[in-house]
Amino acid sequence: MDDPATYRRPSPLARFLTVISDIVSRPSGAIGLGLVALHLLLALSGPWIVPYSYTEMNAGLMLSQPSSANWLGTDHLGRDTLTRTLLGGREAILVTGIATPLAVLWGGLLGVFVGLAGGRLDEVLMRIVDAFLSLPWILKMLVLIVTFGTGIEVLIPTLAFFYGIPVIRIARAATHDVVARDFVQAARARGHGRATIIWRELLPNVRDALLVEGAMRWSWMLLAFSSLSFLGFGVSPPTPDWGLMIADARGFMSFSPLGVLAPMVGLSSLIIGINLTADALAKALGIDRAQKAPV
């Protein structure tokens, strides 16, 4: 028999590579991860590969049809639609790419804490979470955005706060599944404090659920960000953004439908890629998302 002491927990890098390999081995996961990687690559390299400046206007080419010079035509100000579409995800990926980890971090830590503490604190906090979730997300966000402004410095904490609230419930439920296990009771018997139990015993066992939840929150946050831009509360012109592009071009659909269709394809392909990747990630980590309560 092998000595148990010879077994070693795989390193974080080895586990990461194993999960990525599992995701890529699934057709849906490979497609999803490829779409996400493509959009990230465009966000990073976009300014160097687009044919024109996103602010360059040509009054003689307003609402022009696709041509060799402008592959997707131009918008109502004569700006190249392809250029603005390729750059349209940069702000969305930047804002949501920062807000999503923040939402999972604070919501996950608070959910794990109350799941461990239980009692009156648990009941009171869950009723507050239920109260927040009962209100339409757009109304809650608009209150803060109208009050404090529409800059990135406001959008990031606003999205992180409101999308972290549902994470509390997910983290709490995952903690309840772990907290009654023997190793947690043993840690309590040894006199470990709550902070030590959370860090050593609970977080490693709820981490996978939080990773999958974070992936899903990212796609929903992208929709929320684009919706705010569409309503005029996201990024400001002339910054290229998919939601803002759709809002500007919807009145000219009969003349230039690509002005609406191009940013719609960009946004939907990114969200589809994230959702496919999240599903494959859940399977790779052995998490059944169908059993999770909707939030």
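Our subject is the structure listed above.
Residues numbered from 1 in each chain as written. Predicted model: local features only at pLDDT ≥ 70, side-chain atom pairs only at ≥ 80, totals over all residues. Heavy atoms only, no water.

**Section: the layout of surface pockets**
Where empty space is left becomes clear once a probe the size of a water molecule has been rolled over the atoms. Considered as a void within the structure, the largest pocket measures approximately 1,200 Å³ in volume. For the largest pocket, the lining is made up of 39 residues, of which Arg-15, Arg-207, Leu-211, Leu-281 and Leu-285 are closest to its centre. Secondary structure elements with two or more residues in the lining of the largest pocket: α1 (12–25), α2 (27–49), α4 (90–117), α9 (194–230) and α11 (258–284). When residues of the lining of the largest pocket are assigned to their parent elements, the largest contribution, 13 residues, is made by α9. (1 Å grid on protein atoms, 1.4 Å probe; cavity = no way out; pocket = protein on both sides within 12 Å on 5 of 7 lines; lining within 4 Å. Points joined across faces, edges and corners; volume = space filled by probe spheres on them. Helix = DSSP H or I, 4+ residues; strand = E, 2+ residues; numbered from the N terminus.)

**Looking at the nonpolar core**
Counting 36 residues, the largest nonpolar core has Met-141, Leu-159, Tyr-163, Leu-222 and Phe-225 as the members making the most contacts within it. Of all elements in the fold, only α2, α4, α5 (119–133), α6 (137–148), α7 (152–179), α9, α10 (242–249) and α11 reach the threshold of two or more residues within this core. Among the elements that take part in this core, α7 stands out by supplying 8 residues, more than any other. Other than its neighbours up to four places away in sequence, Leu-222 contacts Ala-92, Ile-93, Thr-96, Leu-270, Ile-271 and Ile-274. Listed in part, the 17 residues of the second largest apolar core include Leu-116, Val-179, Ile-198 and Leu-202. (Core = buried A, V, L, I, M, F, W, Y, C linked by side-chain atoms within 4.5 Å. Buried < 20%, exposed > 50% of the residue type's maximum accessible area, 1.4 Å probe, protein only. Contact = heavy atoms within 4.5 Å.)

**Details of the environment of Gly-273**
For Gly-273, the position within the fold is in helix α11. Counting along the chain gives 243 residues from Gly-273 to Ala-30, while the straight-line C-alpha distance between them is 9.2 Å. Discounting residues that sit within four places of it in the chain, Gly-273 has contacts with Gly-32, Leu-33, Leu-35 and Val-36.

**Details of the side chain of Arg-79**
Along the polypeptide, Arg-79 turns up in the loop between α2 and α3 (81–87). In this view, Arg-79 contacts Tyr-54, Glu-56, Met-57, Gly-73, Thr-74, Arg-84, Pro-238 and Asp-248; residues no more than four positions away in its chain are not counted.

**Some points on unusual backbone geometry**
Here the amide bond leading from Pro-237 into Pro-238 is cis, since omega sits at 5°, within 30 degrees of zero. Considering the arrangement of structural elements, one finds Pro-238 in the loop between α9 and α10. Within the chain, Leu-63 stands out as a residue other than glycine whose phi angle is a positive 55°. With relative accessibility at 23%, the residue Leu-63 sits in the partly exposed group.

**Structural notes on empty space enclosed by the protein**
For the coordinates displayed, the defined rule picks out 2 cavities of 30 Å³ or more. Taken as a whole, the largest cavity holds about 70 Å³ of empty space. The wall of the largest cavity is formed by Asp-75, His-76, Arg-79, Thr-81, Arg-84, Met-245, Asp-248, Ala-249 and Gly-259. Of all the secondary-structure elements, those providing two or more residues to the lining of the largest cavity are α3 and α10. For the lining of the largest cavity, the leading source of residues is α10, giving 3 residues. Grouping the amino acids of the lining of the largest cavity by side-chain chemistry returns 2 nonpolar, 3 polar and 4 charged. Size it by volume and the second largest cavity reaches roughly 50 Å³. Looking at the second largest cavity, the residues that line it are Leu-63, Thr-74, Asp-75, His-76, Ala-249, Phe-252, Ser-256 and Gly-259. Partitioning the lining of the second largest cavity into residue classes produces 3 nonpolar, 4 polar and 1 charged. (Nonpolar A, V, L, I, M, F, W, Y, C, P; charged D, E, K, R; others polar.)

**Points about the side chain of Thr-74**
Relative to the helices and strands, Thr-74 is located in the loop between α2 and α3. Taking the relative accessible area as the measure of exposure, Thr-74 reaches 1% and is therefore buried. Here the side chain of Thr-74 touches Leu-63 through a polar contact of 3.3 Å, landing on its backbone nitrogen. At 2.9 Å, the side chain of Thr-74 forms a polar contact with the side chain of Ser-64. Ignoring any residue separated from it by four or fewer positions in sequence, one finds Thr-74 in contact with Leu-61, Met-62, Leu-63, Ser-64, Arg-79, Asp-80, Thr-81 and Ser-256. (Polar contact = N/O pair within 3.5 Å; in protein donor to acceptor, adjacent residues only side chain to side chain.)

**Points about α2**
For α2, spanning 23 residues, the distance from its first C-alpha to its last is only 29 Å, which falls clearly below the expected 33 Å at 1.5 Å a residue. By the largest-angle criterion, Ala-43 marks the main kink of α2, which is about 50°, and a proline, Pro-47, follows within four residues. Buried within α2 we find Gly-29, Gly-32, Val-36, His-39, Leu-42, Ala-43, Ser-45 and Gly-46. Looking at the buried residues of α2, the elements they touch are α1, α3, α4, α9, α10 and α11. (Expected span 1.5 Å × (residues − 1). Bend = angle between axes of the 7 residues up to and from the residue.)

**Re the packing of aromatic side chains**
Tallying each qualifying case throughout the model produces 4 aromatic pairs. When the ring of Trp-106 is compared with that of Phe-161, the centres are 5.8 Å apart and the planes differ by 5°; the resulting orientation is stacked. Separated by 55 residues along the polypeptide, Trp-106 in helix α4 and Phe-161 in helix α7 bring together distant segments of the chain. According to the relative accessible area criterion, Phe-161 is partly exposed, its value standing at 33%. With centroids separated by 6.4 Å and ring planes inclined at 55°, the aromatic side chains of Phe-132 and Phe-162 adopt a geometry described as tilted. (Phe/Tyr/Trp six-rings, centres within 6.5 Å; stacked < 30°, edge-to-face > 60°.)

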